[in-house]
Amino acid sequence: MRYLPKSSSERDEMLAAVGARSIDDLFSSIPERYRLREALNLPGPLSEPEVIQYFKERAKENSVGYSSFLGAGVYNHLRSVVTDAIIQRGEFLTSYTPYQAEISQGTLQAIFEFQTLMCQLTGQELANASMWDGSTATTEAALMAERITRRQRVLVARSLHPEYRDVLRTYAKNSGLQVEEIPFGAYGTLDPKVLESAIGEDVAAVVVQSPNFFGVIESGPALAERVHSSGALLVVAVTEGVSLGLVRPPTEADIVALEGQSFGLAPSYGGPFVGVIATHEKFVRQMPGRLAGQATDSRGRRGFVLTLAAREQHIRREKATSNICTNQALCALAATVHLTLLGKEGLREMAEQNLSKAQFVLNELVKIPGVRRAFDAPFFNEFTVTLPRSVEAVNRQLLREKIVGPLALDSLYPELTNHALVCVTETTTRADIEKFVSGLRLALALPREPR
Amino acid sequence: MSDKITKASRHVSQNEGLIFEKSSPGKRAFELPPLDVPAADPAKTLGANHRSEGVGGFPEVSEIEVLRHFTRLSTWNYAIDLGMYPLGSCTMKYNPRVNEFVVRLDGIATEHPLQPQVLSQGCLKIMQLLEQSLLEITGMDALTLQPAAGAQGELTGLLLIRAYLEEQGNARKKVLIPDSAHGTNPATAVIAGYQVENIKSDSHGQVDVEKLGELVTEDVAALMITNPSTLGIFEQSISDIAAILHAKGALLYMDGANMNALAGVARPGDFGVDVMHLNLHKTFSTPHGGGGPGAGPVAMKKILEPFRPIPVLVEMGSGELALEQDRPRSIGRVKAFSGNFGVLVRALAYILAYGPGIRQATEDAVLNANYIRKHLEGAFALPYSRPSMHEVVFSDAVQKEQGVNTMDIAKRLIDYGFHPYTTAFPLIVPGALMIEPTESESKEECDLFIEAMRAIAEEVASNPELVKSAPHTTRIGRLDEVAAARKPVLRWKQGSGV
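Residues numbered from 1 in each chain as written. Chains lettered and ligands numbered in written order. Predicted model: local features only at pLDDT ≥ 70, side-chain atom pairs only at ≥ 80, totals over all residues.

Undergrad: Explain the overall build of chain B residue by residue, including any values.
TA: Scanning chain B from N- to C-terminus turns up 15 helices and 12 strands. Taken over the C-alpha trace, chain B has a radius of gyration of 25 Å; the compact-globule value for 498 residues is 23 Å, and the two agree within 12%. With the C-alpha coordinates aligned to their principal axes, the bounding extent of chain B is approximately 75 × 70 × 45 Å. For chain B, with 498 residues in total, the buried portion stands at 58%. Relative to all contacts within chain B whose residues are 6 or more apart in sequence, the contacts with residues 24 or more apart total 72%. (Helix = DSSP H or I, 4+ residues; strand = E, 2+ residues; numbered from the N terminus. Rg over C-alpha atoms; globule rule 2.2 N^0.38 Å. Buried ≥ 20, exposed ≤ 12 C-beta atoms within 10 Å, placed from the backbone. Contact = placed C-beta atoms within 7 Å.)

Undergrad: Break down the interface of chain A and chain B for me, with residues and values.
TA: At the interface, 165 residues of chain A touch 173 residues of chain B. In terms of residues, the side of chain A that touches chain B owes the most to one element, helix H11 (residues 329–365) of chain A, which gives 23 residues. Of the residues belonging to the side of chain A that touches chain B, the class tally is 79 nonpolar, 53 polar and 33 charged. (Nonpolar A, V, L, I, M, F, W, Y, C, P; charged D, E, K, R; others polar.)

Undergrad: Which residues make up the packing of helix H4 (residues 121–138) of chain B against helix H9 (residues 341–354) of chain B, and what are the values?
TA: Residue and element names in this part refer to chain B. Relative orientation of the contacting elements H4 and H9 amounts to 55°, with a least axis distance of 10 Å. With respect to H9, the element H4 is oriented oblique. In this structure, the crossing between H4 and H9 has a hand that is left-handed. For the pair H4 and H9, contact is made by Cys123, Ile126, Met127, Leu129, Leu130 and Ser133 and by Phe341, Leu344, Val345, Ala347, Leu348 and Ile351, respectively. Looking at the contact of H4 with H9 residue by residue, the class counts come to 11 nonpolar, one polar and no charged. (Axes fitted to C-alpha atoms, helices over the stretch in contact; angles between N-to-C directions. Parallel < 35°, antiparallel > 145°, perpendicular 65-115°, else oblique. Left-handed = near helix turned anticlockwise from the far one by under 90°.)

Undergrad: Which residues make up the sheet that holds strand E11 (residues 372–373) of chain A, and what values go with them?
TA: Residues and elements named next belong to chain A. The four strands are arranged E11-E12-E15-E14 in an open sheet whose pairing can be described as antiparallel. The two strands at the open ends of the sheet, each matched to only one other strand, are E11 and strand E14 (407–408). Note: E14 against strand E15 (residues 419–423), two bridges, orientation antiparallel. Bridge pairing links Ala408 to Ala420 in E15. (Pairing = 2+ DSSP bridges.)

Undergrad: Any details on the nonpolar core? Residues and values, ideally.
TA: Counting 311 residues, the largest nonpolar core has A:Ala205, A:Val207, A:Val235, B:Ala222, B:Leu252, B:Tyr253 and B:Leu344 as the members making the most contacts within it. Among the elements that take part in this core, H11(A) stands out by supplying 19 residues, more than any other. Structurally, this core is a two-domain feature, drawing no fewer than three residues from each of domain 1 (67–77 + 343–445) and domain 2 (81–338) of chain A. Beyond its immediate sequence surroundings of up to four residues, A:Val207 is in contact with A:Thr138, A:Ala142, A:Val154, A:Val156, A:Ala157, A:Leu160, A:Val235 and A:Ala237. (Core = buried A, V, L, I, M, F, W, Y, C linked by C-beta atoms within 7 Å. Domains from an automatic or database assignment.)

Undergrad: Could you give an account of the sheet that holds strand E12 (residues 432–435) of chain B, with specific residues and numbers?
TA: Residue and element names in this part refer to chain B. Strand order in this open sheet of three strands is E10-E12-E11, and the pairing throughout is antiparallel. Of all the strands in the sheet, the pair left with one neighbour each is strand E10 (392–395) and strand E11 (422–423). In the sheet, E11 pairs with E12 via two bridges, with the strands oriented antiparallel. If you follow Thr423 over to E12, its bridge partner there is Leu433.

Undergrad: For the pairing of strand E12 (residues 382–386) of chain A, give the residues involved together with the corresponding values.
TA: Residues and elements named next belong to chain A. Burial analysis of E12 places four of its five residues in the buried class, the great majority of the element. Pairing of E11 with E12 involves two bridges; the strand directions are antiparallel. Looking at the pairing, Arg373 lines up with Val385 of E12. Sheet topology note: the E12/E15 ladder contains five bridges and is antiparallel. Residue pairing across strands places Phe383 opposite Val422, the latter belonging to E15.

Undergrad: Any details on the domain arrangement of chain A? Residues and values, ideally.
TA: Residues and elements named next belong to chain A. Split into domains, chain A comes out as domain 1 (67–77 + 343–445) and domain 2 (81–338). For domain 1 versus domain 2, the separation of C-alpha centres amounts to 28 Å. The interface of domain 1 with domain 2 comprises 25 residues on the first partner and 23 residues on the second. Looking at the side of domain 1 that touches domain 2, the elements with two or more residues in it are H11 and E12.

Undergrad: I'd love a proper account of H9(B), names of residues and values included.
TA: Since the α-helix packs 3.6 residues into each turn, any two residues three or four apart lie on the same face. Residue and element names in this part refer to chain B. Its 14 residues place the ends of H9 20 Å apart at the C-alpha level, agreeing with the 20 Å of an ideal helix rising 1.5 Å per residue. Where burial is concerned, most of H9 is hidden: 14 out of the 14 residues are buried. Looking one or two residues beyond H9, the residue adopting positive phi is Gly355, at roughly 60°. (Expected span 1.5 Å × (residues − 1).)

Undergrad: Let's hear about the pairing of strand E4 (residues 220–226) of chain B: which residues, and what values?
TA: Regular strands place side chains that alternate from one sheet face to the opposite one. Residue and element names in this part refer to chain B. Where burial is concerned, most of E4 is hidden: seven out of the seven residues are buried. In this sheet, strand E5 (residues 251–256) lies alongside E4 in parallel orientation, the contact comprising five bridges. Within E5, the residue paired with Leu223 across the bridge is Leu252. With helix H8 (residues 238–247) bridging E4 and its parallel neighbour E5, the resulting β-α-β unit is right-handed. (Right-handed = clockwise from strand over helix to strand, strands pointing away.)

Undergrad: Now, about unusual backbone geometry: what can you tell me, with residues and values included?
TA: That bond from A:Gly44 to A:Pro45 is cis: its omega, 5°, falls within 30 degrees of zero. Here A:Pro45 is to be found in the loop between helix H1 (8–18) and helix H2 (48–60). Of note, the amide linkage connecting B:Ala470 to B:Pro471 takes the cis form, showing an omega dihedral of 0°. On the secondary structure map, B:Pro471 appears in the loop between helix H14 (464–468) and helix H15 (481–486). Backbone geometry at A:Ser268 places phi at a positive 45°, although glycine is not the residue there. Relative to the assigned elements, A:Ser268 resides in the loop between strand E7 (255–259) and strand E8 (275–279). Despite not being glycine, B:Phe337 has its phi angle at roughly 65°, a positive value. Locating B:Phe337 in the fold gives a position in the loop between strand E9 (321–324) and H9.

Undergrad: Before we move on, could you go through the environment of B:Arg346 and cite the residues and values that matter?
TA: Residue and element names in this part refer to chain B. With respect to the helices, strands and loops of the structure, Arg346 is situated in helix H9. By C-beta crowding, Arg346 is classed as buried, having 24 other C-beta atoms within 10 Å. Sequence separation of Arg346 and Val98 is 248 residues, and the distance between their C-alpha atoms is 8.6 Å. Beyond its immediate chain neighbours, meaning those up to four positions away, Arg346 contacts Asn99, Val103 and Thr286.

Undergrad: For the confidence of the model for chain B, give the residues involved together with the corresponding values.
TA: As a note on interpretation, predicted positions should not be read in detail where pLDDT is low. Overall, the prediction assigns chain B a mean pLDDT of 96, with 99% of residues at 70 or greater. Across the predicted assembly, pTM comes out at 0.98 and ipTM at 0.98. (pLDDT = per-residue confidence, 0-100.)

Undergrad: Kindly report on the packing of helix H6 (residues 134–149) of chain A against helix H7 (residues 162–172) of chain A, identifying the contributing residues and their values.
TA: Residues and elements named next belong to chain A. Axis separation between H6 and H7 bottoms out at 9 Å; the angle between their running directions is 45°. Relative to H7, the element H6 is oriented oblique. Crossing of H6 over H7 shows right-handed handedness. Together, Gly134, Ser135, Thr136, Thr138, Thr139, Ala142 and Leu143 of H6 and Glu163, Tyr164, Val167, Leu168 and Tyr171 of H7 make up the contact between the two elements. Here the contact of H6 with H7 is built from residues that sort into six nonpolar, five polar and one charged.

Right, dumping it as structure tokens:
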């Protein structure tokens, strides 16, 4: 087998050295009746070309050749080949968590740079080395708020990503956290009246997403003022990081839970992505996850170490702030390289292109009879429209034109019948948009499908 | 540096500051294609939400500077690609490059998790084949690929147990965890709403079966066991342990961190385990990447299947695959979308390359650990003498007499060109040296490691200060971690001189 570096004579030599007659001797501690006598029924073995062939065949069964108007937490952005060249360097790719600082300075300094970039983007004072994704980062932010406030109710905007809400509920169920949903109002943002009646001195946190699931930007400062006056924390989730190139960062938030997929990570059917928690310095000891910090050696040279580990599971065990161990380090590195490549101007330009394309497609869509903008509030690269008929039916028509249409919202929000969430990025060309708009116009002009 | 060090020589290492320190306004490393629609005015469309000043402090550098910056940083890391990385319990094995190639294919990397299922059959087939393969390897009945890492797999497993017990009428209060367990086990049990009861290992480092019999009451939901244990020793009484739990209606959870000792040789499903997680970034070779991403699929017996997290992969009557969202008995979702799919792709590529030959990898891993054990016994104390499987745990008891501890030896090993073993774990071995070579090491590399370890043992006797002040060849010395934690500096700031 090409991955195994031993000849059979070397194996024999090593067996003789350990005093074993056969390899089976080395497994004698496993009770005989549990030792497999037959080979496992597994596909393979495949040579390298065959492995490639298998995955190329699977790739053909997916969406190659389609344009897409899906976002909803996963965004298709430009990615430089430089990012992949760097993260595929063996020294980054095949190294472990940097516990041995002297021979892990590359990873440690990169994490420190990542933490800095995340602070700059979110307007927060510190950020951790990564969480599994935006959904678990949001959940951990709520649990962190519970620890800080010692309160147990969490009010969650219904305009938070439905899958994020699901994850939060899964975790909350057994940790004593009570999760209540706050609906959205006519502008698609958190309904302040309902918030007013729900909030109280027993609320640990109010969790919103901005831009929210419908693409609408929440009004942070006013919300923060109300939340803070009850002694609760404001948690802001950000699923579309590129928005931060143009949209005012949630500086008023106490904890920001960011999904960094937009920073150089492929959609990859949903992962691996990179979550981040950013917060105030005063909350650092309640932070989950790894942190890299600056340190000096005995000769005064600057270096970096994993620090404040007394929060973590390998030290604190059942008293840890979280059970997270393995995180998404290589994805965080990709985001670091990607954002460094873009730089200040590149990120701003990318954000401006997203904004411009979204404005353009909205303007074109509302020219179609019966298509209306659902929420009249500022948005970034995603927005909600209502169609005069079922989104699924329209999308079936669009698929014939090799277009993956916008996300139908009614299965996630029964109250939003015929609502579609449209997303465009800098990768969506004008030609894609025009084809989509004319395809949609045509689909709506067709006779209705029989029910 | 000593002439007798065979593996390593000194090498120039370039200095490099923080990327923020290289920034100069107006430089950039990436250009976008021109905008092909009318430009929107951000101030007008976003109003008060507009960030007019851009991201303050963001770096402005050119492409070659970015490339050199990160390349220089990379050279400060040790890596499997450079040599043996014998971290016990971490299974640092070769990460095949073809896996990195296939995960980046158009049609794999490009797929959106919410796209229509009719356009996702390729992704779903990959997940199905991986599920089937992992079930065959573990001998279990059902599986979820959703958990993002081992710790999330543990949580998923305990939530399955809780849901099952709740349906029986009593979720119970406690989870038992041996004192040799990974720290994630107790941390996870708390999130699942259970009290942790630590149980002491017996004099052989095994679960004390008699004691267990007393501890398992109807308050106990589960025992979380690692098998082989973190000592690298197979639990002799595993089926008795399972029987004790089952007799009281409790379940057996297995931490699969050490599955590299079993794949193709024995199956947890056959020896009484009810639910377990796998670490694809350990046993199934997906790269650690400096700390992640990983994936922690959970395999379970039939009784737990109805509670699997949504969505669940199902095969329709037509043969088409689908992700089912509507599962009323499910524990819910543990992560957005369908798990760390890119990691799943790599793991399947690894399994396909081996096929049933995965057994050979397990055998080589166990052979390497025993070969190293044989040659280091005598030089280092072996606190538990039961047969080793894929890893061996020594202690620094002999070296302690010279004032040298496991961390010192680990740091000295760096000078010899190796990454250290795992230090000070498991907790039941004071001053542990936990060594896991994996199957990826040749006899030559094992011999070099043995030579290095024996040379260090001699140095401890002849010149302990040399070992205590190691490493001597790295670009920086031991960093003051206490000072770093006392006054944490966790980010660069403009003009801070960090």
